[in-house]
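Residues per chain are reported as follows:
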Amino acid sequence: SEHIGKILVDPRNSDVVLVAAEGPLWSSGGDRGVYKTTDGGKTWALVLEIDKNTGVTDLEFHPTNPDIVYAATYQRRRHIWSLLGGGPKSGIYKSSNNGTSWRAITNGLPQGDMGKIGLAVTPADASLVYATIEADKQEKGFYRSTDEGESWEKRSSYISGGTGPHYYQEIEVSSENPDLIYQMDVFIHVSRDGGKSFDYLGNGREKHSDNHAFWIDPNNGQHLIAGTDAGLYESFDNGKKWRHFPNLPISQFYKLGLDNAEPFYNIVGGAQDLGTLIGPSRTMTTEGIRNRDWYVPLGADGYDSQFDPKDDNIAYIEIQQGLLHRYDRRSHEVLNIQPQAGPNDPPERWNWDSPILISPHDNNRIYFGSQRVWRSDNQGNAWTAISGDLTTNTNRYELALMDRVWSVDALYDNGAMSKYATLTSLAESPLVEGLLYSGSDDGLIHISEDGGANWQKSGALPKVPTRSFINDIEVSSHDANTVFAVVDAHKFGDYRPLLFKSNNRGKSWTSIAGDLPEGTIVWVLKQDHQNKNLLFIGTEYGLYFSYNQGTNWVKLKNGVPTIPFRDIELHQRDNDLVGATFGRGFYVLDDYSVLRDLSTAVAAKSNTLFAVRNAWWYVPSVPMQAKGMPTLGSTSFASDNPPFGATFTYYLDDLPKTPKAERKEIEKDARKKNTSATFPGYNKLRSELNEAAPQILLLVSNENGDPIRWLEGTNKKGLHRTNWDLRLPAPNPINLSTPAFKPPWVGDAEGPLAAPGNYTVELFLEHNGNLESQGKAQSFTVKPVPTAPTNTDFQAVAAFQQKTSDLMRAVSGAGSQLSAVNERFRFINAALKQTPKATAQHFAQFKALKDKLAALRLRLWGDPVRQQLNESTVPSISGRVGQIVYGHWDTRQAPTQTFQNNLTLATSAFSEFEQDLKNYLEEVVQYESDLKAIGAPYTKGRGF
């Protein structure tokens, strides 16, 4: 079925489940009705079936006797041109044997055609059944049965309004008060008298509108949860106040556009009932992309949206039915620029999602589609129609639904839908100015080769049903004669992927659906601007790409939900793919450029490092005290930024196998064949102990060829990415321990930033001590974000931080040596008492060495006594270096004079300290040697 309307689990036996297969949203066939399982879903039986156009939208168990079940059937049919929201098969059915058999109920119900019906029952009075029924003007309304659904009375004429019962028709009843009923609608309605009258719940300003789901706490009627077009809301005072759950990324986007802002581009997109939203593709913070980073310049439903390609502050955005606006981000003012028909023109028909096109040849020229094409050369200030009607110009009320043409008074529900015979797609060749294409919702593609002066109909699309919806037209940027078309016929029951290419400007077409799975509705196609064979499509079930122009298609899976991608865009500067999903927000594939060469690498069976995108150089800010959400809590949603720095992508075709891995494969094969495994021998088993797995390493070098950073990669066959955080190695001593808990403000050890400039990265394979390059190095540039103080010498800043890092490495190493000596002294102290030949002199020497150690620790780390008593101390060597690392390494600014003074003082003091430490360590070694000579037990750290 196309839609699951309701699922009921028998409270007596969870293996018994009833499912409402909702009536056809479109006109395809299939069995719809009520399905039942008695074995927890292993097998199903269709227990209530009306016909292919009639399904079940609602199911309710009797509150105390689940053998009694109520079902609301819904006969409707929707084509591209209309929704007929009812018919003679809509009605209410009752089962008295847990859904095994059913009978129609008619007593007291509307005698004419009914549409969508919502049902509700309540444990507060098991005899009551409520129904909200779409019907003609006299009979529609709210109904009640007081005898378990056997007979009905009309209580009021209220049904959900706004965008119609097809969009809202759910009701819920209090489990405590049988007269308290909630009706879903644009704004929730409530009846407190059993459906005689309805009023609004609350003032409508405490939460989003468009309510579709509702839950009443059975133990507390004040506690409500509502599901809306904007997500989930909760009330604890019966709807006076509501709180939103902001961590549900469920926005339903239709279209999107991208700007060229630096360092990171922004996204503009139109969403279902959330208006048009603008936000960043990534941010310069450690928090990622937060809800607060987005804003809504225009309300209602949002659709086609485009940024001016040369002015990031200008965006073209629209509300349904072609209400086009120009938005200026500097002033946040929204100007309506919809073209208007002239005095003698026929009415303008606008699609719900009317197509916008900014000419690739002139950013001030925009095209807009009604049933004809409009052109403006001044950003929408004035318009000229450059075509006649490019549709079939059909009256939808003259077209058949459910095998016949219906009366204009039938239960049509077209109030919140497109006009019919409208344009849905516009495109202009980026190679030939004035080569224009249009597509319509009634299956027509037209071409103009002279800027709109003349138009001709394209050749027929092969095996495509008449009046199929033209979802998208894409004109090639590689060949002026090549154009792609995406077609949608699923409203006719044809779910094939309809994807076509023309090499002669639309005169003839060939399918490029290739090996796409059957039933894959395609929404949009984009061609890569560098590789003509690389295509991307957004489908009803995810994203696909083709490396051979449609012969074969590969699904993108890693992190991509199986959900409709209604639109995709390719960012030519950054080589990103951005997808607008219908239900999960936006998705970004960062730097898809690897897909241009992946097939070559796979065919060559070689380990390959791909080209590297340039990296932006900045310091990610920490806006909320620490990384993560320690202040806002886990209900605050944020999408991860891509890893900061430079990202390296590589493909591994093959890796050496260790002797153990080879043995395991042989033994696995023997087990499959049910043969005996061969004992490998002790020598081979010993060799397995000494051989490590192969390592994948990447070496970053500066423009002088000096190596500056090793990175470890994944050592498995396939495509992988690793990231360089643009920092040099951490100067801290190696610490392989893992803390049981790390506070959010404590990060991993890191080195100073490398300077902006040109770099290379090379892929290496290390195995058995052999280090082998895996092909040529790739070059890339680290570019500073222009937010640092004017005239900052980045090379000098990096050099100062590197000098600090070198000193910190030496200071940290010295500190580790002092700690190691202190640890050795614990063992020496115990050993002295087990050495009979130890004399008073040995004990005196040990005391002197401990005193010297305390003095050295004081110089390096400061006064421990004052620190323990929380008293101020004079800066130590380590303290001066640490102050620079803490205060300067997370900036790109020139060091202050204080930093420079501290570095000078610390360098001078450490130079003297270093020599004293060297002399002291020699004394310790000599003392340990003396103990060895008198027969002291071995102590940790002592030489043999």
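Everything discussed here concerns the structure shown above.
For every chain, the first residue of the written sequence is number 1, and numbering continues from 1 along that sequence. Residues qualify for local features only when their pLDDT is at least 70, as the model is predicted, and side-chain atom pairs are given and counted only at 80 or more; totals for whole chains, interfaces and linings, by contrast, use all residues. With hydrogens and water set aside, each side-chain value is computed from the structure's full complement of heavy atoms.

## Brief notes about the nonpolar core
As a reminder, the rule being used: The set of buried Ala, Val, Leu, Ile, Met, Phe, Trp, Tyr and Cys residues whose side-chain atoms join them within 4.5 Å is what this entry labels a nonpolar core. Between buried and exposed lies partly exposed: a residue is buried under 20% and exposed over 50% of the maximum accessible area for its type, with that area taken using a 1.4 Å probe on protein chains only. Each helix corresponds to a stretch of at least 4 residues labelled H or I by DSSP, and each strand to a stretch of at least 2 residues labelled E; elements are numbered beginning at the N terminus.
Counting residues in hydrophobic clusters, the biggest one holds 34 residues, and the most contacted among them are F648, V700, W724, L726, Y759 and F780. Within the residue set of this core, elements represented by two or more residues are β52 (615-617), β54 (646-652), β55 (695-702), β56 (707-712), β58 (757-767), β60 (778-784) and α4 (794-832). Among the nonpolar cores identified, the runner-up in size contains 33 residues, and L849, V881, W889 and Y920 belong to it.

## Observations concerning a nonpolar patch on the surface
Note the cut-off: Candidates for patches are residues over 30% relative accessible area with no salt bridge; among them, like charges are joined within 9 Å and nonpolar side chains (Val, Leu, Ile, Met, Phe, Trp, Tyr) within 5 Å. Only the protein chains shown count as cover for residues, and the accessible areas themselves come from Shrake-Rupley with a 1.4 Å probe. What counts as a salt bridge is simple: a side-chain nitrogen of Lys or Arg found within 4 Å of a carboxyl oxygen of Asp or Glu.
Where nonpolar side chains cluster on the molecular surface, the patch consists of I4, I7 and V9 and spans about 280 Å² of accessible area. With respect to the helices and strands, I4 occurs in strand β1 (residues 4-9).

## A word on the pairing of β56
Quick note on the threshold: Should DSSP find at least two bridges between two strands, the strands are regarded as paired.
Pairing analysis gives five bridges linking β55 to β56, with the strands arranged antiparallel. In the sheet register, S701 faces β56, and the bridge partner there is P707. Between the end of β55 and the start of β56, which pair antiparallel, lie four residues, with G705 showing a positive phi angle near 85°.

## Section: the sheet that holds strand β16 (residues 181-183)
In spatial order, the strands read β15-β16-β17-β18; together these four strands make up an open sheet with antiparallel pairing. Two strands lie at the open edges of the sheet, namely β15 (171-173) and β18 (199-200), each paired on one side alone. Across two bridges, strand β17 (residues 189-191) lies against β18 in antiparallel orientation. Bridge pairing links V190 to D199 in β18.

## A closer look at the packing of aromatic side chains
For clarity, the cut-off: Stacked, edge-to-face and tilted are the three classes for Phe, Tyr and Trp ring pairs, Trp counted by its six-membered ring, which pair at centre distances within 6.5 Å; planes under 30 degrees apart are stacked, over 60 edge-to-face, the rest tilted.
All told, the structure shown has 32 aromatic pairs when counted by the stated rule. Here the aromatic rings of F142 and F198 are separated by 5.0 Å at their centres, their planes lie at 65°, and the arrangement is edge-to-face. Of this pair, F142 sits in strand β13 (residues 141-145) while F198 is found in the loop between β17 and β18, placing the two residues 56 residues apart along the sequence. Taken as a pair, F142 and F198 share a single burial class, namely buried. Taking the centre distance of 4.5 Å and the plane angle of 35° together, the rings of Y254 and Y303 count as tilted. Of this pair, Y254 sits in strand β23 (residues 253-258) while Y303 sits in the loop between β27 (295-298) and β28 (306-307), placing them 49 residues apart in sequence. Residue class for Y254 comes out buried when judged on its relative accessible area of 13%. Among the residues examined, Y303 registers a relative accessible area of 2% and is labelled buried. Aromatic ring contacts, followed pair by pair, group Y130, F142, Y158 and F198 into a single cluster.

## Let's talk about the pattern of salt bridges
The tally for this structure, following the rule as stated, stands at 45 salt bridges. Of the charged contacts, one joins R596 and D528 as a salt bridge, the two residues approaching to 2.8 Å between their closest N and O atoms. Taken as a pair, R596 in helix α1 (residues 594-604) and D528 in the loop between β44 (522-527) and β45 (535-539) lie far apart in primary sequence, 68 residues in all. Exposure remark for D528: the relative accessible area of 0% places this residue in the buried category. Here R573 ties to D574 by a salt bridge, and the two come within 2.8 Å at their closest N and O atoms. Judged by relative accessible area, R573 falls into the partly exposed class, the value being 30%.

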